[in-house]
Protein chains: 2
Amino acid sequence: MNGRPTIKDVARKAGLSLSTVSLVLNKRENVSDETRRKVLDVINELGYYPQRSARGLASKLSGNIGFVLTDDHFTQAEPFYTKIFLGTELEARKYNYYVLLTTVARTVKETDEIPRFLLEQNVDGVIIAGRIGLSWIEYIRRFKLPLVLIDYDVARHNLSSVVMDNRGGAQLVVDHLHKGGHTKIGFVGGDLDHPSIAERYLSFRETMQARGLSLNGAWVQVDEADTRIRDGYEAMKKILNSADRPTAIFAANDAMAIGCIRCLKESGLRVPYDMAVVGFDNIEAGLYVEPRLTTINVHREEMGELALRRIMEMINHQNNVVTKTLAPVELVVRESCGIKTQEHGHQIPHTFSKQGGNHEDLAHGFGTGSRSADVSVGSGGTEHEPASER
Amino acid sequence: MNGRPTIKDVARKAGLSLSTVSLVLNKRENVSDETRRKVLDVINELGYYPQRSARGLASKLSGNIGFVLTDDHFTQAEPFYTKIFLGTELEARKYNYYVLLTTVARTVKETDEIPRFLLEQNVDGVIIAGRIGLSWIEYIRRFKLPLVLIDYDVARHNLSSVVMDNRGGAQLVVDHLHKGGHTKIGFVGGDLDHPSIAERYLSFRETMQARGLSLNGAWVQVDEADTRIRDGYEAMKKILNSADRPTAIFAANDAMAIGCIRCLKESGLRVPYDMAVVGFDNIEAGLYVEPRLTTINVHREEMGELALRRIMEMINHQNNVVTKTLAPVELVVRESCGIKTQEHGHQIPHTFSKQGGNHEDLAHGFGTGSRSADVSVGSGGTEHEPASER
DNA sequence: GTGAAAGCGCTAACAT
DNA sequence: ATGTTAGCGCTTTCAC
């Protein structure tokens, strides 16, 4: 931490004043090209880097962004939020910003620790990722810092957010099934309080109607308490009880879809031949069910990136307009939707993103011949196994 | 970011000087109790918090620790390093330190980005977690910052490290199998360049000898290129080719153990009845194989904690003695080792309808997502149930 | 376009 | 035990 060159050294060696060097450092316009060159040369020669805290103190900006995550989200096996964080971090480098990651309990309690970066004015903006207690959002708002939510939103708070295009995704699913010949499509959901689930559900209904497909109440089960495997299983059971059955199920997320598949298998039904199933989220487990799950994918890193860019805009331009950013989604076609059945050898329609194949590399396990040829979009993937040498 | 009270305001309101307030802030001894009380009261009243950058500039300490992780480690599904990071972060709060998480490629390339916190003197110490290119270690060493490795070590670099007790773990495994009546124990490994794998292997040999158990060369397969499922599968195949077969296999990690189990099942052998299998690491996937895997667990958060404490010692006391810290491990007994099953002679229930499914907690993003990774353990033999509700 | 000077909010000698 | 006084390394008016 010692003996490293300071801006003073640069100024002296360049035969210029501190302020001129500072202007160059901050990429201001009013510096002659010649001067700029000279300063840059000296900086390079000396291996100079401006020191963070000094900068922060003088500029009133910390150069940090706070990234808040509930602990359960951070440590869950599905690396959803870690990837979002990674996207944010990578993007932040371009702005020479740091991301301070902190986890919190779901809701603020009196006794709880408040992220210190708020109290110490150590961040210029805050990103909150994932569903979190309203109390946290309200608490953090009071600091009057630029704030962006990722993968979550609260209608009544009018905050900027980056969420995946849930509506678009639901539309992709319905259209895909429809094109595949399905007209009797059911929906399985739960926890409609969650904005993402609610949007998927609403968009499902809208798209069905827009395509002239009729909705059957018995095929739509959205009253489950949660959106986990068990809930999907239970919802599927109810649907199977109806006299007339749908030929395809759209599950509000992959966990529920997996539950549906289990239920169908237990009932002796074959997926996708007797019933097609499509999920949402593209979690890794979707690759391990049989048949592998057709689902909707979103580029997680991109979401983190978008949020960071938005925050930086707010910081740099005092631009506090509330924006709702939609991260594009794509359909990942695997076996569970039954469009390309091996029996009939149908082709996969062109409308599907080629990038879907990228996610195949999540494939787990190794081919010992047990798995039939992949029916997937894009190139075959590299195999990937759980942590070996970590 | 404005109008917040400064140390000046506190001093004025308390009728004291700046330095006295500063002394209180920094918990120095030479302040009368009365004065301290008064200052603390005013601080509370004003809601004052010292500002990070100002502190940093004056004290020459950034108040940050750099946490370096290779990107593949960070985003892998097994939340091993995220939990270590979490442990570090939680512990850092106690010291009022921030942890700057950054990911890097495996090895330093000329074109690569160097973690900026090094260049900007924005950290007081660095933690590197997981196996990483030597070039990185060498590069970072040059900054002369306190440095601690987690879950990795490089013999010739004489660095402080926190690693799990690999030798102790291997001993636990051998002793457990031995006590269960096994005397013919095989070992499956690979990539002996990895210090953890090498230690497990060496300790396996040592313990076997110490217990008077003979080693059969045909039962020890450590030449696989890697330590993944596939490698375990191949190694197991070789062992099964030997005329005389062991009754138990100790795999160098869980991935390999899973490979062993697959191979055994394909060969029509029953685990644990025909062959017991024990792994190492306690990865989640070990809960989803059938039978569920007996393994060695380490408290990940604790490892992160220990490293942070060590770094703080180095920073605060200029204590640069090199220390090797062992994080304690524990045996997690499940069905694959056959000990418990034999004793109690019960079947292994493993159906969705009864247990709620192994993937019950895969729900991501939304939903409750609580994954109680409770590892109830001990050679005491407590049965460990996967996180699932009913 | 460049320089001089005044801080930013804190810590750390050094006095008292 | 408390106060005085310099800075820490940078940004930012404001002159010129």
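The rules behind the values
Residues numbered from 1 in each chain as written. Chains lettered and ligands numbered in written order. Predicted model: local features only at pLDDT ≥ 70, side-chain atom pairs only at ≥ 80, totals over all residues. Heavy atoms only, no water. Helix = DSSP H or I, 4+ residues; strand = E, 2+ residues; numbered from the N terminus. Buried < 20%, exposed > 50% of the residue type's maximum accessible area, 1.4 Å probe, protein only. Contact = heavy atoms within 4.5 Å. Areas by Shrake-Rupley, 256 points an atom, 1.4 Å probe, with all protein chains shown as cover. Phe/Tyr/Trp six-rings, centres within 6.5 Å; stacked < 30°, edge-to-face > 60°. Lys NZ or Arg CZ within 6 Å of the ring centre and 35° of its normal. Core = buried A, V, L, I, M, F, W, Y, C linked by side-chain atoms within 4.5 Å. Near = heavy atom within 4 Å. Polar contact = N/O pair within 3.5 Å; in protein donor to acceptor, adjacent residues only side chain to side chain. Salt bridge = Lys/Arg side-chain N within 4 Å of Asp/Glu carboxyl O. Least-squares fit on C-alpha atoms with pLDDT ≥ 70 in both. Axes fitted to C-alpha atoms, helices over the stretch in contact; angles between N-to-C directions. Parallel < 35°, antiparallel > 145°, perpendicular 65-115°, else oblique. Nonpolar A, V, L, I, M, F, W, Y, C, P; charged D, E, K, R; others polar. Pairing = 2+ DSSP bridges. Disulfide = S-S within 2.5 Å.

## With respect to the overall build of chain A
- Along its length, chain A carries 13 helices and 12 strands.
- Residues classed as buried in chain A amount to 59% of the 390 residues present.
- Counting contacts in chain A only where the partners sit at least 6 residues apart, residues at least 24 apart contribute 69% of the total.
- With an accessible surface of roughly 16,000 Å², chain A has 49% of that area assigned to carbon and sulfur atoms.

## Considering the packing of aromatic side chains
- Counting across every chain of the model gives 20 aromatic pairs over all chains.
- Look at Phe74 of chain A and Phe85 of chain B: their rings are 5.9 Å apart centre to centre, the planes differ by 70°, and that puts the pair in the edge-to-face class. Of the two residues, Phe74 of chain A is situated in helix H5 (residues 71-75) and Phe85 of chain B in helix H6 (residues 80-94); the pairing between them involves two chains. This pair shows no difference in class: Phe74 of chain A is buried, exactly as Phe85 of chain B is.
- The structure contains a cluster of three or more aromatic residues connected by ring pairs, namely Phe187, Tyr201, Phe204, Phe250 and Phe280 of chain A.
- When the ring centre of Phe280 of chain B is taken as origin, the NZ or CZ atom of Arg200 of chain B, which lies over that ring, is 3.8 Å away.

## Looking at the nonpolar core
- Counting residues in each nonpolar core, the largest one holds 158 residues, and the members touching the most others are Phe67 of chain A together with Phe67 of chain B.
- Once residues within four sequence positions are removed from consideration, Phe67 of chain A is found in contact with Ile84, Phe85, Thr88, Val99, Leu100, Leu101, Thr102, Phe117, Ile127, Ala129 and Ile150 of chain A.
- Membership of the second largest hydrophobic core comes to 46 residues, among which are Ile137, Tyr139 and Phe143 of chain A together with Tyr152 of chain B.

## Re the protein's contact with DNA strand C
- Taken together, 28 residues sit near DNA strand C, with Thr20 and Thr35 of chain A together with Ile7, Tyr48 and Arg55 of chain B positioned nearest.
- For DNA strand C, the backbone portion of the atoms within 4 Å of the protein, that is sugar and phosphate, comes to 70%.
- Here a phosphate oxygen of DNA strand C sits 2.8 Å away from a polar atom, N or O, in the side chain of Ser22 of chain B.
- At 2.5 Å, a side-chain N or O of Tyr48 of chain B approaches a phosphate oxygen of DNA strand C.
- Elements supplying a minimum of two residues to the surface near DNA strand C: helix H2 (18-25) and helix H4 (52-59) of chain A together with helix H2 (18-25) and helix H4 (52-59) of chain B.
- At 4 residues, the largest contribution of residues to the surface near DNA strand C is made by H4 of chain B.

## Description of the pattern of salt bridges
All names here are of chain A.
- Counted under the stated rule, the structure contains 44 salt bridges over all chains.
- Between Glu78 and Arg300 there is a salt bridge, and its shortest N-O distance comes to 3.6 Å. With Glu78 in the loop between H5 and helix H6 (80-94) and Arg300 in helix H13 (residues 300-317), this pair connects stretches of sequence that are 222 residues apart. Each member of the pair, Glu78 as well as Arg300, carries the same accessibility label: buried.
- Arg200 serves as the salt-bridge partner of Asp281, at 3.1 Å between the closest nitrogen and oxygen. Taken together, the residues Asp281 in the loop between strand E9 (276-278) and strand E10 (295-298) and Arg200 in helix H10 (residues 195-210) connect sequence positions 81 residues apart. An identical accessibility class is assigned to Asp281 and Arg200; each is buried.
- One salt-bridge network, in which partners are shared between bridges, spans Glu91, Lys94, Glu305 and Arg309.

## Topic: the relation of the copies chain A and chain B
- The transform that puts chain A on chain B rotates by 180° and translates by 0.0 Å along the axis, for an RMSD of 0.1 Å. Look at the turn and shift together and you get a two-fold axis relating the two. Of the C-alpha atoms belonging to chain A, the one lying closest to the rotation axis is found on Ser53 of chain A, 2.1 Å away.
- Interface overlap between copies is the fraction of interface residues in one copy that are interface residues in the other; for chain A against chain B it reaches 86%, indicating a shared surface.

## Observations concerning the packing of helix H1 (residues 7-14) of chain B against H2 of chain B
All names here are of chain B.
- Two elements in contact, H1 and H2, have axes whose closest approach is 8 Å; the angle formed by their N-to-C orientations is 110°. On the basis of their axis angle, the class for H1 and H2 is roughly perpendicular. From H1, Ile7, Lys8, Val10 and Ala11 reach across to H2, where they touch Leu18, Val21, Ser22 and Leu25.
- For the contact of H1 with H2, the residue count by class is 6 nonpolar, 1 polar and 1 charged.

## A word on the interface of chain A and chain B
- Counting residues at the interface gives 81 residues for chain A, matched by 85 residues for chain B.
- On inspection of chain A and its partner chain B, the count reaches 4 salt bridges.
- Where Glu89 of chain A meets Arg116 of chain B, a salt bridge forms, and the shortest distance between an N and an O atom there is 3.9 Å.
- Taken together, the links from chain A to chain B amount to 22 residue pairs in polar contact (both at pLDDT 80 or more).

## Remarks on the side chain of Glu89 of chain A
- With respect to the helices, strands and loops of the structure, Glu89 of chain A is situated in helix H6.
- Leaving out residues up to four positions away in the same chain, Glu89 of chain A has contacts with Val99 of chain A together with Leu101, Thr102, Thr103 and Arg116 of chain B.

## Quick look at the sheet that holds E9 of chain A
All names here are of chain A.
- Strand order in the open sheet formed by 4 strands is E7-E6-E8-E9, and the pairing between neighbours is parallel. One side of each edge strand has no neighbouring strand; the edge strands of this open sheet are strand E7 (220-224) and E9. Each strand of the sheet is rotated relative to its neighbour by a mean of 15°, with strand direction disregarded.
- Sheet topology note: the strand E6 (residues 185-190)/E7 ladder contains 3 bridges and is parallel.

## Overview of the protein's contact with DNA strand D
- In the vicinity of DNA strand D there are 28 residues, among which Ile7, Tyr48 and Arg55 of chain A together with Ser17 and Thr35 of chain B approach most closely.
- Atoms of DNA strand D within 4 Å of the protein belong to the sugar or the phosphate in 67% of instances, the rest to bases.
- Contact distances for DNA strand D include 2.4 Å between a phosphate oxygen and a backbone N or O atom of Ile7 of chain A.
- Note that a phosphate oxygen of DNA strand D is positioned 2.5 Å from one of the side-chain N or O atoms of Tyr48 of chain A.
- For the surface near DNA strand D, the elements supplying multiple residues, two or more each, are H2 and H4 of chain A together with H2 and H4 of chain B.
- If you tally residues by element for the surface near DNA strand D, the top one is H4 of chain A, at 4 residues.

## A look at the sheet that holds strand E9 (residues 276-278) of chain B
Residue and element names in this part refer to chain B.
- What the 4 strands build is an open sheet, ordered E7-E6-E8-E9; its pairing is parallel. Two strands bound the open sheet, and with one partner strand each, they are strand E7 (220-224) and E9. This sheet shows a mean twist of 15° between the axes of neighbouring strands, independent of strand direction.
- The sheet strands contacting helix H10 (residues 195-210) are strand E6 (185-190), E7 and strand E8 (248-251), and the helix crosses E6 at an angle near 160°.
- In the packing of helix H11 (residues 229-241) onto the sheet, contacts are made with E6, E7 and E8, and the angle to E7 comes to roughly 135°.

## Side note on the state of the cysteines
Residues and elements named next belong to chain A.
- Under the criterion given, the structure shown has 0 disulfides over all chains.
- Of all cysteine sulfurs in the structure, the one in Cys263 sits closest to Cys260, which takes part in no disulfide; the separation is 7.4 Å.
- You can call Cys260 buried: its relative accessible area is 0%.

## Considering the pairing of strand E3 (residues 125-129) of chain A
Residues and elements named next belong to chain A.
- Across the 5 residues of E3, 5 count as buried, placing the element largely inside the fold.
- Judged by which residues are buried, E3 turns out to be covered on both faces: Gly125, Ile127 and Ala129 on one side and Val126 and Ile128 on the other are all buried.
- Bridge count for strand E1 (residues 64-70) against E3 is 5 bridges, and the pairing is parallel. From the neighbouring strand, Val68 faces E3, where its bridge partner is Ile128.
- Judged from the 4 bridges that link them, E3 and strand E4 (residues 147-150) form a sheet pairing that is parallel. When the bridges of E4 are listed, Ile128 appears paired with Leu149.

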